[in-house]
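Examining the three-dimensional arrangement
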Amino acid sequence: MEALLGERLLDNALGVAVATACAALIFPLSTRAIVREAEHGYVAAVEHLVGQVALRWGEPGGAVRLRGAARAVEAALYQVTAVSEPLVRMPAGVRGRRADHRTALLSTATGHARTLAAAADTVVRLPPPLAERALLITGTLVGSLRTLDHRLTTGQAQGGWRRTGPLVQELRKALGSSPPRPEAARLLTALGELEALDETLAAFAEARGLDVPGRPAGAPVAPVPPPAQQHPGVGRAAGPVRSGSPSAGVRPE
């Protein structure tokens, strides 16, 4: 009887050891993969939103769904938040300070995406030189998002994050300062939110192991002042534009 009891205790101890190993090693790895997949969906939703903004600025008469794209970003954030919460609190698991920090960054980015969609949802016709600059900004952000997506899906980094802040500043200078108009104010707000979205996602990309040139490692994300306070309106070009180009103002539809 004592021998059987000892064997039973040994079997129970072995079962507890195996269950603990699975909970500490196998299940967290699976959860990390699910979180990365949810983050992949979030990055894809933001890329679609930026593509819609580019379509709005490049083809003012084109059919875009900015509000729907912004709602898709919010839904993707909900998925990231849902899968990041562990079913059982473990001393060592996927949920920790780093995961909380990444989720907070995506939450901030979602707020900027929402405001960007609302500000860009107006027909504004830019002269060809300024339209090219605007598309360069959105194209640069899309390229960075695809680099981040590659990092999330494969675990390998191909290139780094290219910040759009300098490009946004150049476009603001080219837009100049003239008496404010509603279309100009919304365009400047959209540019400011696009820059803030880029900065926030750059911090997220850095947390995911992507190189972010020009940003010190671990540097906090600085809030971007509202562009409408920095530039009262949009008028003739104050910066370099191509020779023979039309007025660098904005022609509202």
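A brief structural summary. (Residues numbered from 1 in each chain as written. Predicted model: local features only at pLDDT ≥ 70, side-chain atom pairs only at ≥ 80, totals over all residues. Heavy atoms only, no water.)

Of the regular secondary structure elements, the chain holds seven helices and two strands. Reading the chain from its N end, one meets helices and strands in the order α-α-α-β-α-α-α-α-β. Per-residue burial over the chain gives 40% buried out of 253 residues. Surface accessibility of the chain: about 13400 Å² in total, with carbon and sulfur atoms responsible for 58%. (Helix = DSSP H or I, 4+ residues; strand = E, 2+ residues; numbered from the N terminus. Buried < 20%, exposed > 50% of the residue type's maximum accessible area, 1.4 Å probe, protein only. Areas by Shrake-Rupley, 256 points an atom, 1.4 Å probe, with all protein chains shown as cover.)

For the rest of this paragraph, the subject is the environment of Gln-52. Within the secondary structure, Gln-52 sits in helix H1 (residues 2-58). Here the alpha-carbon distance between Gln-52 and Arg-65, two residues 13 residues apart in the chain, equals 6.9 Å. Each residue touching Gln-52, except ones within four places of it in the same chain, is listed here: Val-64, Arg-65, Leu-66 and Ala-69. For Gln-52, the side chain forms a polar contact with the main-chain nitrogen of Arg-65, separated by 2.8 Å. (Contact = heavy atoms within 4.5 Å. Polar contact = N/O pair within 3.5 Å; in protein donor to acceptor, adjacent residues only side chain to side chain.)

This part covers the nonpolar core. Counting 53 residues, the largest nonpolar core has Tyr-42, Trp-57, Trp-161 and Leu-201 as the members making the most contacts within it. Elements with a minimum of two residues in this core: H1, helix H2 (66-84), helix H3 (97-120), helix H4 (128-154), helix H5 (165-175) and helix H6 (182-207). With 11 residues, H6 is the largest single contributor of residues to this core. Filtering out sequence-adjacent residues up to four positions away, Trp-161 remains in contact with Leu-141, Ser-144, Leu-145, Leu-148, Asp-198, Leu-201, Ala-202, Ala-205, Leu-210, Asp-211, Val-212 and Pro-213. (Core = buried A, V, L, I, M, F, W, Y, C linked by side-chain atoms within 4.5 Å.)

Here Asp-149 lies in helix H4. Summary of buried charges: Asp-149 has no salt-bridge partner, and the nearest side chain of opposite charge, Arg-146, is 8.0 Å away. One polar contact links Asp-149 to His-40, side chain to side chain, over a distance of 2.3 Å. (Lys, Arg positive; Asp, Glu negative; His and termini not counted. Salt bridge = Lys/Arg side-chain N within 4 Å of Asp/Glu carboxyl O.)

Looking now at H4. Here H4 contains 27 residues, and its C-alpha end-to-end distance of 38 Å stays within 8% of the 39 Å for a straight helix at 1.5 Å per residue. Following H4 by one or two positions, Gly-155 has its phi on the positive side, about 80°. (Expected span 1.5 Å × (residues − 1).)

Tallying each qualifying case throughout the model produces eight salt bridges. Two residues, Glu-47 and Arg-146, come together in a salt bridge whose shortest N-O distance is 2.8 Å. Residue Glu-47 is found in helix H1, and its partner Arg-146 is found in helix H4; the two are separated by 99 residues along the sequence. Residue Arg-172 is joined to Glu-195 by a salt bridge in which the shortest nitrogen-to-oxygen separation is 3.4 Å. Taken as a pair, Arg-172 in helix H5 and Glu-195 in helix H6 lie far apart in primary sequence, 23 residues in all. With respect to class, Arg-172 is no different from Glu-195; both count as buried. Bridged by salt links that share partners, the residues Glu-39, Arg-102 and Arg-208 form one connected network.

Turning our eyes to something else, we now look at the packing of H4 against H5. The interhelical angle for the contact between H4 and H5, taken along N-to-C directions, is 165°, at an axis separation of 10 Å. If you check the angle between H4 and H5, you find them roughly antiparallel. Crossing of H4 against H5: the hand is left-handed. The residues of H5 that touch H4, namely those facing Leu-130, Arg-133, Ala-134, Leu-136, Ile-137 and Thr-140, are Leu-167, Val-168, Glu-170, Leu-171, Ala-174 and Leu-175. Grouping the constituent residues of the contact of H4 with H5 by class yields nine nonpolar, one polar and two charged. (Axes fitted to C-alpha atoms, helices over the stretch in contact; angles between N-to-C directions. Parallel < 35°, antiparallel > 145°, perpendicular 65-115°, else oblique. Left-handed = near helix turned anticlockwise from the far one by under 90°. Nonpolar A, V, L, I, M, F, W, Y, C, P; charged D, E, K, R; others polar.)

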